[in-house]
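Spelled out from the first residue to the last, the chains are:
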Amino acid sequence: MAIGVWLVGARGSVACTVSAGAAAVAAGVAETTGLVTELPALAGAALPAMGELVIGGHDVIEVPLRKRAEDLAHGGVLPTAALAAVNDDLDRVDARIRPGVTSDQDERLADTLARLRADLDEFRAANDLESVVVINVASTEAQVAPHPAQRSLDDLRRAIDRDQRVLPPSSCYAHAALSAGYGYIDFTPSTGSRLPALHELATTTGAVHAGRDGKTGETLLKSALAPMFADRHLRVRSWAATNLLGGGDGLALTDPGALAAKVSSKAATLGAILSDEPDAPVHIHYLEDLGEWKTSWDHISFEGFLGTRMRLQFTWEGCDSALAAPLVIDLARLAGAAQRHGARGPLPELAFFFKDPDGTTEHRLSRQFDRLCHWATTLPSRP
Ligand SMILES: NC(=O)c1ccc[n+]([C@@H]2O[C@H](COP(=O)([O-])OP(=O)(O)OC[C@H]3O[C@@H](n4cnc5c(N)ncnc54)[C@H](O)[C@@H]3O)[C@@H](O)[C@H]2O)c1
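Residues numbered from 1 in each chain as written. Predicted model: local features only at pLDDT ≥ 70, side-chain atom pairs only at ≥ 80, totals over all residues. Heavy atoms only, no water.

On to the side chain of S193, then. Within the element layout of this structure, S193 appears in the loop between β5 (183-186) and α7 (196-205). A relative accessible area of 3% places S193 in the buried class. Leave out the neighbours within four places in its chain, and S193 touches A174, L178, Y184, L198, H199 and H209. (Helix = DSSP H or I, 4+ residues; strand = E, 2+ residues; numbered from the N terminus. Buried < 20%, exposed > 50% of the residue type's maximum accessible area, 1.4 Å probe, protein only. Contact = heavy atoms within 4.5 Å.)

What follows deals with the site of the ligand. With respect to spatial proximity, 29 residues lie near the ligand, and among them D59, V101, A138, Y173 and T216 are the closest. Within the backbone of V14, an N or O atom sits 2.8 Å from an oxygen atom of the ligand. Isolated, the ligand exposes 860 Å² of accessible area, and the fraction of that covered by the protein chains is 91%. For the shell around the ligand, the secondary-structure elements that each account for two or more residues are α1 (13-26), α6 (169-179), α9 (247-252) and α12 (320-340). (Near = heavy atom within 4 Å. Polar contact = N/O pair within 3.5 Å; in protein donor to acceptor, adjacent residues only side chain to side chain. Areas by Shrake-Rupley, 256 points an atom, 1.4 Å probe, with all protein chains shown as cover.)

With that settled, consider the layout of surface pockets. The calculated volume of the second largest pocket comes to roughly 370 Å³. Lining of the second largest pocket is provided by 20 residues; of these, T17, G21, A30, E31 and T33 occupy positions nearest its centre. Secondary-structure elements contributing two or more residues to the lining of the second largest pocket are α1, α3 (80-95) and α12. Looking at which element gives the most residues to the lining of the second largest pocket, the answer is α1, with 5 residues. Residue classes in the lining of the second largest pocket are distributed as 16 nonpolar, 3 polar and 1 charged. (1 Å grid on protein atoms, 1.4 Å probe; cavity = no way out; pocket = protein on both sides within 12 Å on 5 of 7 lines; lining within 4 Å. Points joined across faces, edges and corners; volume = space filled by probe spheres on them. Nonpolar A, V, L, I, M, F, W, Y, C, P; charged D, E, K, R; others polar.)

Taken together, the 10 bridges between strand β7 (residues 235-245) and strand β9 (residues 293-303) define a ladder with antiparallel strand orientation. Across the sheet, S238 pairs through a bridge with S301, a residue of β9. When β7 meets strand β8 (residues 282-286), the two strands line up parallel, connected through 5 bridges. Pairing of T242 across the sheet is with H283, part of β8. (Pairing = 2+ DSSP bridges.)

This part takes up the environment of E38. Here E38 shows up in the loop between α1 and β2 (53-59). Along the sequence, E38 and P146 sit 108 residues apart, while their C-alpha atoms lie 39 Å from each other. Setting aside its immediate chain neighbours within four residues, E38 contacts T32 and R333. A distance of 2.8 Å separates polar atoms of two side chains, one belonging to E38 and the other to R333.

The subject of this paragraph is the packing of aromatic side chains. To describe a pair of aromatic rings, you give the distance between the ring centres and the angle between the ring planes. Enumeration according to the criterion identifies 5 aromatic pairs in this entry. Taking 5.3 Å as the distance between ring centres and 50° as the angle between the ring planes, the aromatic pair formed by F352 and F369 counts as tilted. Residue F352 is located in the loop between β11 (345-346) and α13 (365-378), and its partner F369 is located in helix α13; the two are separated by 17 residues in the primary sequence. Accessibility expressed as a relative area gives 22% for F369, which makes it partly exposed. Members of the aromatic cluster, each reached through a chain of ring pairs, are F229, W239 and F302. (Phe/Tyr/Trp six-rings, centres within 6.5 Å; stacked < 30°, edge-to-face > 60°.)

Here the structure, examined in full by the defined rule, presents 24 salt bridges. Between R92 and D89 there is a salt bridge; the shortest N-O distance is 3.3 Å. With a gap of 3 residues between them, R92 and D89 both fall in helix α3, about one helical turn apart. E130 is the salt-bridge partner of R340, the closest N and O atoms lying 2.8 Å from each other. Separated by 210 residues along the polypeptide, R340 in helix α12 and E130 in strand β4 (residues 129-136) bring together distant segments of the chain. Given a relative accessible area of 12%, R340 falls into the buried group. Shared partners join several salt bridges into a network, and the residues in it are R194, R212, D356 and D358. (Salt bridge = Lys/Arg side-chain N within 4 Å of Asp/Glu carboxyl O.)

Moving on, we get to the sheet that holds β7. The strand order across the open sheet built from 4 strands is β8-β7-β9-β10, with neighbouring strands paired in mixed fashion. Of all the strands in the sheet, just β8 and β10 (309-319) have a single pairing partner and so form its edges. If you compare each strand with its neighbour and ignore which way they point, the axes differ by 10° on average. Running over the sheet, helix α10 (residues 256-266) touches β7 and β8 and is turned about 140° from β8. With respect to the sheet, α12 is in contact with β9 and β10, its orientation differing from that of β10 by roughly 80°. (Axes fitted to C-alpha atoms, helices over the stretch in contact; angles between N-to-C directions.)

It is worth spelling out a nonpolar patch on the surface at this point. On the surface, a cluster of nonpolar side chains totalling about 220 Å² of accessible area is made up of V60, I61 and V63. Mapping V63 onto the fold places it in the loop between β2 and α2 (65-74). (Patch = residues over 30% accessible without salt bridge, like charges linked within 9 Å, V, L, I, M, F, W, Y side chains within 5 Å.)

Turning our eyes to something else, we now look at the nonpolar core. Counting residues in each nonpolar core, the largest one holds 62 residues, and the members touching the most others are L7, I135, L350 and F353. Here this core takes 11 residues from α12, the largest share from any one element. If sequence neighbours within four positions are ignored, I135 has contacts with V5, W6, L7, V8, I185, F187, V328 and A332. Counting residues in each nonpolar core, the second largest holds 34 residues, with W6, I160, C172 and A176 among its members. (Core = buried A, V, L, I, M, F, W, Y, C linked by side-chain atoms within 4.5 Å.)

What follows is the structure, given as structure tokens:
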């Protein structure tokens, strides 16, 4: 049976690249480069095949996916030649996209949660799906102060009954997924399922969940390079990062609250890996001209034997969606397999994919990769 992949933010750049890319790979018109789940190290894992993934989702805009895909092809993200082969698939995904929820929505919270849940259940039934994994790839939300009702499931239920607006949109989607026992993965720095009340809900229903914020650029390099300094006993004095971003993501991060959420999710890596936490400022700037590309320039100052000062600088120029989309597909396949084999609750084994992983303090990329491979290849084979 197929696995449902429900993308929150289904009309965005990452989501559209997921829908087009999964269809292109399944049709044999694109290679699997960038898909971790296609590596020989994971060949022994019993994962759903690419053709077993059925995609749907929520969004708050109505631009047709064909148009989004054309724009992405025009911007050099999607190969124009593959578009003709996947347009019908994109139309099918388009027909499964439902209206989402915004923070200023004029709807009772209980009704919002019931509507989102009904969309997921209908998706499952209409496509005869074994299970559903909800993956948040919507615009980053502003960081907000926690509400006391988020502390426990009972408090949350009472607040929902009183129609208090105690959940940001990302957590409404997480609630809808977890209440049905479906998986929830947060690829963004938004709150999502990271609330005590929602962890309790996941425990009650046995739903799997993981996050948060996909690790695709500057933080990916930090988690690969910082262990080298640590293992060579070199003292990192400062690690200054400047990120230039175009696209919808870059624009969303011009909101100070959303920017704060992104900077905070990028902050944990160095402190977790290096024994002397360096001065590590992170700056993110929107540069419309970059389109779907991002540039990270990092300046690392470090000290060796006898206090000798040295420097490393790197420039990373990445295509945001080409880096992110295969990881979203990997997460769908891995979470789908976990559900299929009876996993429950948080999946810290997926930390490899995230800037700010749930359920573990391990940020070293190679350790995260080893843990992922061990876990995925020892999941029991398909019943
Ligand atoms: N591309 C990467 O490398 C990368 C890495 C880590 C995290 N992310 C995160 O992935 C997310 C998506 O990035 P993108 O480049 O596709 O952005 P995008 O702006 O192209 O797409 C975001 C989509 O979310 C939709 N959306 C906004 N609010 C919504 C809501 N309340 N409910 C449902 N949909 C909503 C928008 O309409 C849009 O279609 C961002 O939060 C970004 O921070 C991306």
